[in-house]
Amino acid sequence: MQDRNHVASVSTTHQVRIIENGLLEIPMLQILSPDGVIQGQDEPTIDESTAQRILETMLFTRILDERMVSAQRQGRISFYLASTGEEAASVASAAAISDQDMIMSQYREQGALAWRGYTPAQFMDQMFSNHNDPNKGRQMPIHYGDKPLNFMTISSPLATQIPQAAGFAYGQKMAGLDAITLCYFGEGAASEGDFHAGLNMAAVLACPVIFLCRNNGYAISTPAEEQFAGDGIASRGIGYGIKTIRVDGNDPLAVYAATAHARDIAIKHACPVLIEAMTYRLAAHSTSDDPSGYRSKKEEANWQRKDPIVRFTAWLKRKGWLDEDSLAKNESAMRQTVLTALKAAEKEPINPIDDLVTDVFDHVPWHLKEQITALKHHIQKYPDAYPKTAERQQ
Ligand SMILES: Cc1ncc(C[n+]2csc(CCOP(=O)(O)OP(=O)(O)O)c2C)c(N)n1
C-alpha cells in the first residue's frame, strides 16, 4: 500500500528553498484596452443584442446611482451605496450566466440585479421602505432581494454570503440541477473568516459556485495594501485548490468571457471557480463617506480613464453595433424612468410600525413587544423627528 502524502503532490529538494510571492505569475485577462480596442487576435464570442444590453444595463446602473446619491443628499432616503466605475464587474458577469443560477451578492452589485430584470419601481420601493417593499421596511436601503429573479437578499455583515453560496451550490449539485451560484464580494470581505471557511468548503465538497471578488482597492478607507500582503485574492483561490482567473474588472468583454468560462468549468467539473476582477471604486464607499480624506484626485483620475462604460461604448461604435442617436434617446428615457419611479415610491405609504416585529417570530416575544411600545411612545413624543408617512401610521 502506498503512503498518503496528504497534499496534491510532493517533489523532493536537497536545499532549503523559500517559496514566496511572485513565484507564480497570475496574469490578468484583458480583451479590450481602456480605449476600447480589441487586444489579442480572437474576436470575443458575444452577440450584438447581448453586448448592447450590457451597455444599457451599465448605463442604467450609473444613472440610478447618480440619482440616488442626490436623493440621499436631499434627505429623501437615508443611505446609498454607488457602484460607479465597477458596473462591468457586476453586469457583464451576470450576463454570462443563466437566469436559473442563484446570485448571492454583497451590496455593490445592483448592476447584476438590474440585468436580471429588477424594475426601477422595485429598486425604489426597497429604498423608500414603502408598503411594496418585500422586506417590509426592515432593511436599510440597497438591501435588495428577489426570489423570482434568483437573487438572494443582501445582508450587511460582510462575507456571510460566501459560505452560504458554497452550501447553496452544494444543494444545486445534490438536486442534479444544471445551475450554479454566483457569489460576489469585495476584497475587504475576503479578510473575514467566512471567506476562508466558504472557499475551503466549496473546494472540498466540490460545489459549483463562482466566487467573484471585486478587488476595487479599498475597504471603506483601508487600502488593499494595508489589508493583505499576498498576491491579491487570486493567490488564495489557488491555495485552496480552486481554479482561478484574474480579470480586468473594467473590461466588460473580459469579465463576460471569464465568467462564461468559469460557469462551464463549474458545471462540467462540478467545482468552484474564483474570479478576481481588478477594478476601482470611483464612488465614495457610501453616502456616509468622504474619500478625499484618504486618497488623491490624481489616483481617481487615473482610474476614470479606465471607465468601463466609455471603453465599451468605444468598442461598440467601432464594431458598428451602436446607434448614437438611439443611445442618447435611451439614456434620457432611463433618466426619466428612474425619476418617475422615485417620485412614485416616495408617495407610497410605509408599512405599519408593528411590521417591524410581526412575522419575524411565530409569536412576538415579550422583549420585542416592550421595544415596539417604547418606540410608539417615542414617536408620539417627537413626531417631527419621524417621516410624515410614519406619523400617518400611528
Ligand atoms: C462583519 C463586518 N465587519 C465590518 C463591516 C463594516 N463594513 C461595511 S462595508 C466594509 C468594507 C468592505 O469592503 P469590500 O469588501 O472591499 O467591499 P467594497 O465596499 O469595497 O465594495 C466594512 C468594513 C461589516 N458590514 N460587516
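Remember, predicted model here, so these are calculated numbers, not experimental data. Residue numbers run consecutively from 1 along every chain, following the written order of its sequence. With the structure being a predicted model, the display of local features is reserved for residues of pLDDT at least 70 and the display and counting of side-chain atom pairs for 80 or more, all residues being used for whole-chain, interface and lining totals. To get the side-chain values, take all heavy atoms of the structure and skip hydrogens and water.

1. Let's talk about the overall build of the chain
Now for step 1: Each helix is a run of H or I in the DSSP string that is no shorter than four residues. Each strand is a run of E no shorter than two, and both are numbered from the N terminus. Along its length, the chain carries 13 helices and eight strands.
Now for step 2: Referenced to the eigenvectors of the C-alpha coordinate spread, the extents of the chain come out at roughly 80 × 60 × 45 Å.
Now for step 3: Note on definitions: a residue-residue contact is assigned when non-hydrogen atoms from the two residues lie within 4.5 Å. Contacts in the chain between residues far apart in sequence, at least 24 positions, make up 75% of those at least 6 positions apart.
Now for step 4: The Shrake-Rupley method, run with a 1.4 Å probe sphere, supplies the accessible areas, and residue values consider only the shown protein chains as cover. Looking at the chain as shown, the accessible area adds up to about 19,600 Å², and 52% of this sits on carbon and sulfur atoms.

2. Some thoughts on helix α5 (residues 161–174)
For an α-helix, the turn length of 3.6 residues means that residues three or four places apart are oriented alike.
Now for step 1: Multiplying one less than the number of residues by 1.5 Å gives the expected span of a helix. Between its first and last C-alpha, α5 extends 19 Å over 14 residues, near the 20 Å set by a 1.5 Å rise per residue.
Now for step 2: The buried label applies to any residue whose accessible area, calculated with a 1.4 Å probe on protein chains only, is under 20% of its type's maximum; exposed applies above 50%, and partly exposed to all values in between. All buried positions along α5 are accounted for by Gln-161, Ile-162, Pro-163, Ala-165, Ala-166, Ala-169 and Gln-172.
Now for step 3: Residues of α5 that are buried in the fold lie against β2 (102–104), β3 (181–186), α6 (193–204) and β4 (209–215).
Now for step 4: A positive backbone phi angle near 70° is found at Gly-176, which sits one or two residues after α5.

3. So, the packing of aromatic side chains
Now for step 1: In this analysis, rings of Phe, Tyr and Trp, with Trp reduced to its six-membered ring, are considered paired at centre separations within 6.5 Å, and the interplanar angle assigns stacked below 30 degrees, edge-to-face beyond 60, and tilted for intermediate values. Here the structure, examined in full by the defined rule, presents ten aromatic pairs.
Now for step 2: With centroids separated by 4.9 Å and ring planes inclined at 85°, the aromatic side chains of Phe-123 and Tyr-144 adopt a geometry described as edge-to-face. Of the two residues, Phe-123 sits in helix α4 (residues 120–127) while Tyr-144 sits in the loop between α4 and α5, which places them 21 residues apart along the sequence. Each member of the pair, Phe-123 as well as Tyr-144, is classed as buried.
Now for step 3: Ring centres 6.2 Å apart and planes at 80° place the aromatic pair Tyr-218 and Tyr-280 in the edge-to-face group. Taken together, the positions of Tyr-218 in strand β5 (residues 218–219) and Tyr-280 in the loop between β8 (273–278) and α9 (297–304) put the pair 62 residues apart, joining distant regions of the chain.
Now for step 4: Note on Tyr-218: relative accessible area 9%, which makes it buried.

4. Some remarks on the pattern of salt bridges
Now for step 1: We define a salt bridge as a contact between a side-chain nitrogen of Lys or Arg and a carboxyl oxygen of Asp or Glu at a distance within 4 Å. One pass over the structure, following the stated rule, counts 20 salt bridges.
Now for step 2: Put simply, Asp-359 and Lys-136 hold a salt bridge, and the shortest N to O gap is 2.7 Å. One end of the pair, Asp-359, is in the loop between α11 (324–347) and α12 (366–381); the other, Lys-136, is in the loop between α4 and α5, with 223 residues separating them in the sequence.
Now for step 3: One salt bridge connects Arg-311 with Asp-248, and the closest N-O pair in it is separated by 3.1 Å. Here the residue Arg-311 occupies a position in helix α10 (residues 308–319), and Asp-248 occupies one in strand β7 (residues 243–248), the gap between them amounting to 63 residues. The pair formed by Arg-311 and Asp-248 is uniform in burial state, with each residue classed as buried.

5. Considerations on unusual backbone geometry
Now for step 1: In this structure, Asn-150 takes a positive phi of about 55° despite not being glycine.
Now for step 2: Checked against the element boundaries, Asn-150 lands in the loop between α4 and α5.
Now for step 3: Within the chain, Ile-220 stands out as a residue other than glycine whose phi angle is a positive 50°.
Now for step 4: Here Ile-220 lies in the loop between β5 and β6 (222–223).
Now for step 5: Relative accessible area serves as the criterion here: at 43%, Ile-220 is assigned to the partly exposed category.

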